[in-house]
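# A look at the structure
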Amino acid sequence: MNRELKRVSIVVMLMFVALLSSTSIVQAFQADNLSADPRNTRTLFDSYQIERGAILVAGEPIAQSMPADDDFKFLRTYTNPELYAPITGYIPINGEPTGLEFALNAELTGNSNSQFFDKIGALVTGQDPKGAAVEVTIDPIAQQAAWDALGDYTGSVVVTEPATGRILAMVSKPSFNPNLLTVHNNAEVTSSYDALLANEKDPLINRAINSLNPPGSVFKLVVTTAALESGKYTPESTFPNPSVFTAPGTTSEIKNSSEGTCSAGETVTLATALRLSCNIPFAELGLELGDTAIRETAEKFGFNSNYSIPMKVAESTYPRGLNDPQAAQSAFGQFDVRATPLQMAMVSGAIANGGVVMAPNVVQKILAPNLSAIQTFEPVELDRVMSKETAATLTAMMINGVQDGAASNARIDGVDVSGKTGTAQNGSTDPFTLWFTGFAPANDPQFAITVLIEDGGGMGQTGFGNKLAAPVAKEVLEAVLNK
Amino acid sequence: MGRLHLPQKLRNLELFLLLIACFINASAVVLVQLGALGKLDPSLVLLGAGLSVLVISLHVVLRFVARDADPFILPIATVLNGLGIAMIYRIDVADQQSGWDSAAVRQTVWSALAIFSAITVLLVIRNHRVLFRYTYIAGLVGVILLFLPLVPGLGQEISGARVWIRVGSFGTFQPGEIAKIALAVFFAGYLVRNRDSLSMVGKKFLGARFPRFRDLGPILSVWAMSMSVIIFQRDLGTALLYFGLFLVMLYLATGRLSWVIMGMGLFLGGALLASQTLDYVNGRFNNWLDALNPDVYEARGGSFQLVQGLFGLAKGGLLGTGWGQGRPELTPVPQSDYIIASLGEELGLAGVFAILALYLLFVARGFRIGFAGQDDFGKLLAVGLAFVVALQCFIVIGGVTRVIPLTGLTTPFLAAGGSSLVANWIIAALLLRLSDTVRNQPRLVV
C-alpha cells in the first residue's frame, strides 16, 4: 500500500503547489492589474483616505474635500456647483470622475510624479498625506456674466484671453449639480446619474469642449484667412453676385440668407460678403481655393486634431476628399464641417493675437499643500496661422461686420468689437445652431468670446445668430470690459 | 504501568507548541482590536482564554490516554481555529455585530463544543479498530446524514444549496460535515474487507486491468450518491469531496490506477453533463473561466463575489494590510467561504503561505500515520481523513483563487460554521488516536 500512498502524497503536494502558485499569481503578479480595475472599490476607498486637493477660482475653492464621518473620510463638496460643473466635473464613489477631477486626478490625490518627494516627506514627518490644489484660469466675473447672459438657452459661452490662450469663462447649459453625484450612497448617486442621463438636453455634456455643431457662417473666418493668406485675394477681390448658385455637378441650389443677391451690383467684394455673411460668394471662393487650401488653414487653427485643456477636447473636423458641391457647402461651414465652441474661440483668438493661435488652457497653477507652486502653466504658441497683416485686415473686416453688418447686435458704445455671427442648418427641418465669435477691444484685444446656442434657441428655424447669439456676447463683453 | 514514569517528550513538545499557538491567537485578537477598533476590549479575551484552557485540557487528556500521539496535530488545529476566530471577529467589528449576533462569539462557543467532542472521542475510542466493527453502520449513518437536509421541514436552503438542517433555535447544522467522517470509516472498513475481489480479478485491457462488471457496484453507488448531491442538494463541492475521498481510498486499497481513471471519467462526465443541464453548475463554470468579463460580473449569481475576493487578495499583496486594516467586509460571506481571501487581504501572501504550510503539515502528519501504520484499516482511515482535509482546502482555496470553479465548502478549522469545526476537531482527535497506536504497535494485538 505504501507505493500507492507515495503517489497520493505526490498528488497532495501538487494540489498545494497549485494553491501556492494561484495565490502568488493573484497577490503578487496580478495585484496591480486588479487594483487598477475600475470596479475595485477598495482602491476607490483608498483614494478617499487622503485629503483631495481643492480646485480654486481666484483663490476661492469651487471644489473641496470636507471631513466626513464615514468610510470615505472626506466628502467632495462643490461651491456654486452648476456654474462651475463644466470645469470641475465630479468624482463619484461608484464610477469614473470627469472634468478636472479626472484630468488632474493624479495631482489632486497627490500621486503625480512631481509630488513624489512631498509624499516621502509627509511619510517621514508623519503628516497626513494631502493632494495638491489646482488654481484655474477662470475669471469669476466673466464666468458669472457668461452664465447670466446665456439665460435659458441650451448652449455654451467660452471667453479666452487671446494673447495667452487662458480660458476665462467656460459655461455650458443646461448644467447639473455635481454635489448630487458625490454623496456617499451608491443608490442615490445612481438615481441622480440616471436622471441626468435621461434628460434629453444632456446636462452632463460640457458643450464648450464636447459639443460638435456645424459652424455655419463663423467658419467663413477660416475661409477668408485661407484666401488672404494665399496672396491671390484681397478684401476688394470680387465675385459674381447671383441670387441663386448651383455648384458644378449638382442641382442643389445655394442661396444667401437674404434669399436675394449679396447687396446690389453684378459683383460683390470679399469684404462685403463677409460683412453681410453671404453664402454664394463664399461658395464661389471655396471652389476657387479648393478644399485642400481651406483644410490646411483649418488644421493650423486646430481642426482635425486632439488636444486637452487638460480635459480632453472633442476633435473639430473639416472633412477630406470633398467633391465640388461638398467643398462649396463646406466653405460656409455646412456639409460635414463640425466645430466645438472652444475651437471657434481659438479661431477668433488667433485673429485677435496677430495671427498666432495659442494653446487653450484652464489651469493656472498646481499648488502644494504648503501653497508653493508645484507647476505654473506658461502660454504655449501652437502655430502661426496667418501674418500680422492678414490678422489686421481680418480684424478690420470683422469690425465692419459688427458696425454695419450681419453682427450688428454685438455693437458696444465706445468700444470696437470684432465679430462674426453664424446660423447653421442641421437638415431641412431641424432647429438652427446659432453662433457668435469675436473679440474686444478690437485695437487691443483682451477678450475673445464664442457663443453657441443649440436647438435654435427655442425658435426652431426662425432665430439667427445676430438675433440670439450676438446679444449674449455683447452682454458678456460689456461685463468684462467694465469690471 | 511503568510507562507513566518515562518522560513524555512528545507531550512536552506539544505543550510548548500549544503555548505558542495560544499566544499567536491572543495576539491576533489584540491586533484586530487595535487595528479595527483602535482600543482594547477585554470581553473577547475572556472567551479566548476559556478556549486556551480547553485545548490545554485536551493536551492533558492526551497525556493520559494517548501519550505517544503526534505532537503537531493539536497545535496546528489550535492556531488555525484561533486565526479563524480572529478574522471572524474582525468582520464582526466591521459589520458592528456584538453579543450573540456576533459570529465570533458563536464560533468560539462552537469551538469549545468541538474541542469537547474531540476529548470525548479520545476518551471513548481507546482503540481505533473498534471502528472497524461498525463499518456498515458508519456507512448507513453517513448516507443518512448526507441526505438529511432533503427531509422536508428539516432541511434549510441557504444561497441555493440545500445542505443545512435547522436545529431548534440554536442555528443551522451541516450534517454532511459529520458524514464525511462516517463515510471515511465506512470506506476504510469496506475496502479492507473487499479489496481482493476489487483488485485481483478482471480483464486486462490497454495495459491496465479493468474490473468485472459486478465489482463496479461500489464505485457506481458512490458516484450515484455524489451526482444526487449535485442535483438535489445543489452542492458541487460536497460531491467532489466525497467522490475524491472514495477514489483515493479505493486506489490505496487496490493499487489499481484503472479505478481512478474510471472514477475520474465518471465524475467528469457527470459534472460536464450537469454543467450543460443545471444552471447553477453552468454559472459556476462561466464565473471561473471568464470572471472579469463585465457581463459575467454583473449577472445574477455571477462572478461578483469571486472578483471581490480577488480584489481583496490583490489589496493584501505580499505582506497584507495588517489585522483590522483592510476591507474584507466588502466581499460577500467574508467569514466563511471567503475567509481565506479575508486572511489574504490582511496577512498578505506571506500569511496565506503560512496557513497553507500549516495545512500541509497537518495533512503530512496524517499521511505519516499511513506510512508507519501496520494495520490496513488504520492506514486507510488515517490517510482518508488527512486527504479529506487536503482536498477540502484545495476545493475552497482553489475556488477562491480560480484554480477550479468555485464551490461552497468550508475551509477546515478557519471558516465560520459549527458543524465544520466539530467535524474537523473529531478528525484531529481520530488522527491523534491513530498516531498514538502507530507508536505502540506491540500493544495493539487485539
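So, here's what we can say about the structure. Fair warning: this is a prediction, and the values are worked out from it, not measured in the lab. (Residues numbered from 1 in each chain as written. Chains lettered and ligands numbered in written order. Predicted model: local features only at pLDDT ≥ 70, side-chain atom pairs only at ≥ 80, totals over all residues. Heavy atoms only, no water.)

## Considering the overall build of chain A
Helix and strand counts for chain A stand at 18 helices and 19 strands. Considering only residue pairs separated by 6 or more positions, chain A has 68% of its internal contacts joining residues 24 or more positions apart. (Helix = DSSP H or I, 4+ residues; strand = E, 2+ residues; numbered from the N terminus. Contact = heavy atoms within 4.5 Å.)

## With respect to the sheet that holds strand β1 (residues 55-57) of chain A
Residue and element names in this part refer to chain A. Here six strands make up an open sheet; going across it, the order is β3-β2-β1-β4-β14-β15 and the pairing mixed. Of all the strands in the sheet, the pair left with one neighbour each is β3 (74-78) and β15 (373-376). The mean inter-strand angle of the sheet, taken between neighbouring strand axes irrespective of direction, is 25 degrees. Sheet topology note: the β1/strand β4 (residues 133-136) ladder contains three bridges and is parallel. Its bridge partner lying in β4, Ile-55 is registered against Val-134. Sheet contacts for helix α4 (residues 81-88): β1, β2 (60-67), β3 and β4; angle to β2, the most-contacted strand, approximately 90 degrees. (Pairing = 2+ DSSP bridges. Axes fitted to C-alpha atoms, helices over the stretch in contact; angles between N-to-C directions.)

## Topic: the interface of chain B and chain A
Each partner contributes to the interface: chain B provides 49 residues, whereas chain A provides 34 residues. When the two sides are added together, the surface that chain B and chain A hide from each other amounts to roughly 3,700 Å², 71% of it contributed by carbon and sulfur. Of all residues in chain B, B:Phe311, B:Arg327 and B:Phe371 give up the largest surface area on contact with chain A, accounting jointly for 19% of the area buried on that side. Across the contact surface, chain B and chain A share one salt bridge. The salt bridge partner of A:Arg42 is B:Glu345, with a shortest N-O separation of 3.0 Å. (Buried area = accessible area lost by both parts, 1.4 Å probe. Salt bridge = Lys/Arg side-chain N within 4 Å of Asp/Glu carboxyl O.)

## Looking at a nonpolar patch on the surface
Residue and element names in this part refer to chain B. On the surface, Leu-13, Phe-16, Ile-20, Phe-23 and Ile-24 cluster together into a nonpolar patch covering about 470 Å² of accessible area. Mapped onto the fold, Phe-16 is located in helix α1 (residues 9-37). Looking at Phe-16, the relative accessible area reads 52%, which means it is exposed. (Patch = residues over 30% accessible without salt bridge, like charges linked within 9 Å, V, L, I, M, F, W, Y side chains within 5 Å. Areas by Shrake-Rupley, 256 points an atom, 1.4 Å probe, with all protein chains shown as cover. Buried < 20%, exposed > 50% of the residue type's maximum accessible area, 1.4 Å probe, protein only.)

## Points about the side chain of B:Gln33
By secondary structure assignment, the location of B:Gln33 is in helix α1. Residue contacts for B:Gln33: discarding those within four places in its chain leaves B:Gly38, B:Lys39, B:Leu40, B:Asp41, B:Leu44 and B:Tyr89.

## Let's talk about the packing of helix α6 (residues 135-147) of chain B against helix α8 (residues 217-232) of chain B
Each pair of packed helices can be described by the angle between their axes along with the distance between the axes. Residues and elements named next belong to chain B. Relative orientation of the contacting elements α6 and α8 amounts to 15 degrees, with a least axis distance of 11 Å. In terms of their interaxial angle, α6 and α8 are classed as roughly parallel. Two packed elements cross with a definite hand, and for α6 against α8 that hand is left-handed. Residues Val-143, Leu-146 and Phe-147 of α6 form the contact with α8, whose participating residues are Met-225, Ser-228 and Val-229. Of the residues that constitute the contact of α6 with α8, the class distribution is five nonpolar, one polar and no charged. (Parallel < 35°, antiparallel > 145°, perpendicular 65-115°, else oblique. Left-handed = near helix turned anticlockwise from the far one by under 90°. Nonpolar A, V, L, I, M, F, W, Y, C, P; charged D, E, K, R; others polar.)

## Some words on the pairing of β2(A)
Residues and elements named next belong to chain A. Across three bridges, β1 lies against β2 in antiparallel orientation. In the sheet register, Leu-56 faces β2, and the bridge partner there is Pro-61. The pairing of β2 with β3 spans five bridges and is classified as antiparallel. Each residue of the ladder has a partner; that of Pro-67, found in β3, is Phe-74.

## Looking at the sheet that holds strand β5 (residues 155-160) of chain A
Residue and element names in this part refer to chain A. Spatial strand order, β6-β5-β19-β18-β17: five strands in an open sheet with antiparallel pairing. Where the open sheet ends on each side, the last strands, each with one partner, are β6 (167-173) and β17 (418-424). Averaged over all pairs of adjacent strands, the angle between their axes in this sheet comes to 5 degrees, without regard to strand direction. Note that strand β18 (residues 433-440) and strand β19 (residues 447-453) share seven bridges and pair antiparallel. By the bridge assignment for β19, Thr-437 is matched with Thr-450. Helix α8 (residues 140-150) rests against β5, β6 and β19 of the sheet, and its axis sits at about 30 degrees to β6.

## Topic: unusual backbone geometry
A cis amide bond links A:Lys173 with the next residue in sequence, A:Pro174, at an omega value of -5 degrees. Among the structural elements, A:Pro174 can be located in the loop between β6 and α9 (186-198). Residue A:Pro310 is reached from A:Ile309 by a cis peptide bond, and omega for that bond is 0 degrees. As for its position among the elements, A:Pro310 is in the loop between β11 (307-308) and β12 (312-313). Positive phi, normally seen in glycine, also occurs at A:Asp202, with a value near 50 degrees. Inspection of the secondary structure assignment puts A:Asp202 in the loop between α9 and α10 (207-210). One non-glycine residue, B:Arg402, adopts positive backbone phi at about 65 degrees. Of note, B:Arg402 is situated in the loop between α15 (376-400) and α16 (418-439). Residue class for B:Arg402 comes out partly exposed when judged on its relative accessible area of 28%.

## Considering the packing of helix α14 (residues 339-372) of chain B against α15(B)
All names here are of chain B. It is the contact of α14 with α15, at a shortest axis distance of 8 Å, that shows an interaxial angle of 160 degrees. Relative to α15, the element α14 is oriented roughly antiparallel. In this structure, α14 crosses over α15, and the sense of that crossing is left-handed. Counted together, Ile-340, Ala-341, Leu-356, Tyr-359, Phe-362, Val-363, Gly-366, Phe-367, Ile-369, Gly-370 and Phe-371 of α14 and Lys-379, Ala-382, Val-383, Ala-386, Phe-387, Val-389, Ala-390, Cys-393, Ile-397 and Val-400 of α15 form the full contact between these two elements. Broken down by class, the residue content of the contact of α14 with α15 amounts to 18 nonpolar, two polar and one charged.

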